[in-house]
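# Observations on chain architecture
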Amino acid sequence: MQVTSMHFKATASTKLSNANLQAALRRLQGNFVRGRADRVAEFGNYEEIRSAAAAIRDRALADLDLYLQEFERNAVARGAVVHWAETREDVNRIVCEIARQHGVRKAVKSKSMVSEECALNEALEAAGIEVVETDLGEYILQLAREPPSHIVAPVVHKTRDEVSDLFQEKHRTPRKTDIAALTREAREMLRQHFITADMGISGANFVVAETGSTLIVTNEGNGRLVTTLPRVHVAITGIEKVLPTLEDAATLMRLLPAHGTGQTISNYISVTTGVKGEGDRDGPQHFHVILLDGGRSELLGSDRSRCCVASAAARA
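What you see is a predicted model, and the numbers here were worked out from it, not measured in a lab.

## Section: helix H4 (residues 64–77)
- Over its 14 residues, H4 runs 20 Å from end to end, which matches the ideal 20 Å to within 8%, given 1.5 Å per residue.
- Of all the residues in H4, the buried ones are Leu64, Tyr67, Leu68, Phe71, Asn74 and Ala75. Projected down its long axis, H4 carries its buried residues within an arc of 135 degrees, all on one side. Counted as exposed and oriented over 90 degrees from the buried face of H4: Arg73 and Ala77.
- Taken from the residues just after H4, Gly79 is the one with a positive phi, measuring 100 degrees.

The following block contains the structure:
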């Protein structure tokens, strides 16, 4: 992940005069900010749920090592392989090793901010592996060769006309301006990649210690295609995402969509446990989970830890 904070003032000054960007951000203000406020108002007992969620996260962090070990035991018992990565370089090395082990030529990805943190796409491409982003926003940015601008709405800075021009150029198809038509075109382009990919890569909003499961929250069906169609599934997440129980995950799931996108509930909540079993119609033959430290353990017990954990649930 490229660090550009030192250029913030100069960049902000330039972007404030960008009419297209300002129009896109005004839509974000209406859709997300007001939506979040409306969802919170609907709770009635919001502070009670919020306090319960904070207590769950505090409990998990207080005994982080124990819950991570419990997760590993239960994941391995269900056929998964758990890897521990101290640095982002370790993540890239492990994924490339898994790809070589299984003869992977193409990987499809569901949005993962941890993979952005690690610059995983570049590492896989350097190893000769084709990587295809499959979330609509991330797919658009991959075509444009740009980094995401937002952890939930990565392409919020682009207008419909800009996407229309991009698709016309990259897909070599007639220019479309209807949103439904643009979405269908992306779906048609991605379908063959889902079918032919050897590896699926996802993040994890949570990992559940008691079941050895990973959990992802999405509004697009690509997350399930990425985690069930390829013969190899690799889930990459930070160590702070562990929760003790599925009941704990259910509590936090009451808050995540409201704060993430201003929704009452997301379209898809997918819990992945182990590998494809005998008689199962879909699922990976090989399931790997990579748990990244990446400096996270150094934050435990510090004033910054609560701030970091508060935002973690919205990131995969």
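## Points about the nonpolar core
- Val95, Met199 and Ile236 are the most contacted members of the largest nonpolar core, which has 22 residues in total.
- Of all the secondary-structure elements, those providing two or more residues to this core are helix H5 (88–101), helix H6 (113–118), helix H7 (120–126), strand E4 (199–202), strand E7 (232–238) and strand E10 (286–292).
- Broken down by element, this core gets its largest block of residues, 6 residues, from H5.
- Contacts of Ile236, omitting those with residues within four sequence positions, involve Val91, Val95, Ser112, Val114, Leu120, Ile201, Ser202, Gly203, Ala204 and Ile290.
- Membership of the second largest hydrophobic core comes to 17 residues, among which are Ala204, Val207, Ile239 and Leu291.

## Here we look at the pairing of strand E6 (residues 213–218)
- With respect to burial, E6 is a largely interior element, 6 of its 6 residues being buried.
- Residues Ser213, Leu215 and Val217 line one face of E6 and the alternating positions Thr214, Ile216 and Thr218 line the opposite face, and both faces are buried.
- Pairing geometry for strand E5 (residues 206–208) and E6, over 3 bridges, is antiparallel. Following the sheet pairing, Val208 is matched in E6 by Ser213.
- Hairpin remark: E5 followed by E6, antiparallel, with 4 residues in the connecting loop; positive phi at Gly212, about 70 degrees.
- Alignment of E6 against strand E9 (residues 268–272), held across 5 bridges, turns out to be antiparallel. Looking across to E9, one finds that Leu215 is bridged to Val271.

## Details of the environment of Ile269
- Summarising the element assignment, Ile269 is placed in strand E9.
- When its relative accessible area of 31% is taken as the criterion, Ile269 is described as partly exposed.
- The spacing of Ile269 and Gly223 is 46 residues in sequence and 9.4 Å in space, taken between C-alpha atoms.
- The contacts of Ile269, once residues within four sequence positions are left out, are Leu215, Ile216, Arg224 and Met253.

Rules used throughout
Residues numbered from 1 in each chain as written. Predicted model: local features only at pLDDT ≥ 70, side-chain atom pairs only at ≥ 80, totals over all residues. Heavy atoms only, no water. Helix = DSSP H or I, 4+ residues; strand = E, 2+ residues; numbered from the N terminus. Expected span 1.5 Å × (residues − 1). Buried < 20%, exposed > 50% of the residue type's maximum accessible area, 1.4 Å probe, protein only. Arc of directions from axis to C-beta. Core = buried A, V, L, I, M, F, W, Y, C linked by side-chain atoms within 4.5 Å. Contact = heavy atoms within 4.5 Å. Pairing = 2+ DSSP bridges.

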